[in-house]
Amino acid sequence: MQNGHFQSRKHLATRFSEDGNCEVQCVKCNVYAWGEQYKFSLALDGKYGEGKAEELQYLARTTVKISRIEYEEKISYYKSLVEKLKTEKGIE
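Asks: When you look at a nonpolar patch on the surface in this model, what are you seeing that I'm missing?
Replies: Judged by side-chain polarity, Val27, Val31 and Tyr32 come together as a nonpolar surface patch covering roughly 300 Å² of accessible area. As for its position among the elements, Tyr32 is in helix H1 (residues 27-32).

Shown next, in the form of structure tokens:
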């Protein structure tokens, strides 16, 4: 399983979005089928409500600047989440 992005990671406004843009995808869909965008949009609307995919598409096109400090905070945040999951799952 991989972290699939509905809107490309190049769009900083949605790159780290945990409320829809980043979802679990299998390797086949995420890599070899370029994220299955249409199916992804249907799943987003089903999970988060009608219009979520459209909202993310709009948000992705907004301009966002992320500072070095903000990147470092995100790195720290996600590292701690990974460690928490490893502990919960008994993974080293």
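From this point, the discussion proceeds with the structure in view.
Asks: Just checking my understanding: could you explain the side chain of Lys52 for this structure?
Replies: By the secondary structure assignment, Lys52 is in helix H3 (residues 52-60). In this structure, Lys52 is in contact with Asp19, Leu44 and Asp45, ignoring residues within four places of it in sequence.

Asks: Explain the pattern of salt bridges here, please?
Replies: Should the charged atoms of two oppositely charged side chains come close, the side chains can pair. Tallying each qualifying case throughout the model produces 6 salt bridges. Between Lys39 and Glu36 there is a salt bridge; the shortest N-O distance is 4.0 Å. Overall, the relative accessible area of 53% leaves Lys39 in the exposed class. In this structure Glu36 comes out as partly exposed when scored by relative accessible area, which is 22%.

Procedures and definitions
Here, residues in each chain are numbered from 1, in the same order as that chain's written sequence. Only residues with pLDDT of at least 70 are given local features in this predicted model, and only at 80 or more are side-chain atom pairs given and counted; all residues enter the totals for whole chains, interfaces and linings. Water and hydrogen atoms were dropped before computing side-chain values, which therefore reflect all heavy atoms in the structure. Surface patches are defined over residues having more than 30% relative accessible area and no salt bridge, joining like charges when they lie within 9 Å and nonpolar side chains (Val, Leu, Ile, Met, Phe, Trp, Tyr) when within 5 Å. In these tables, accessible area is a Shrake-Rupley quantity obtained with a 1.4 Å probe, and a residue counts as shielded only by the protein chains included in the view. In what follows, salt bridge is the name for a side-chain nitrogen of Lys or Arg lying within 4 Å of a carboxyl oxygen of Asp or Glu. By the criteria applied, helices consist of DSSP H or I runs no shorter than four residues and strands consist of E runs no shorter than two, each listed in order from the N terminus. It only takes one pair of heavy atoms within 4.5 Å for two residues to be counted as in contact. Only protein chains enter the accessibility calculation, which uses a 1.4 Å probe; a residue is then buried when its area is under 20% of its type maximum, exposed when over 50%, and partly exposed in between.

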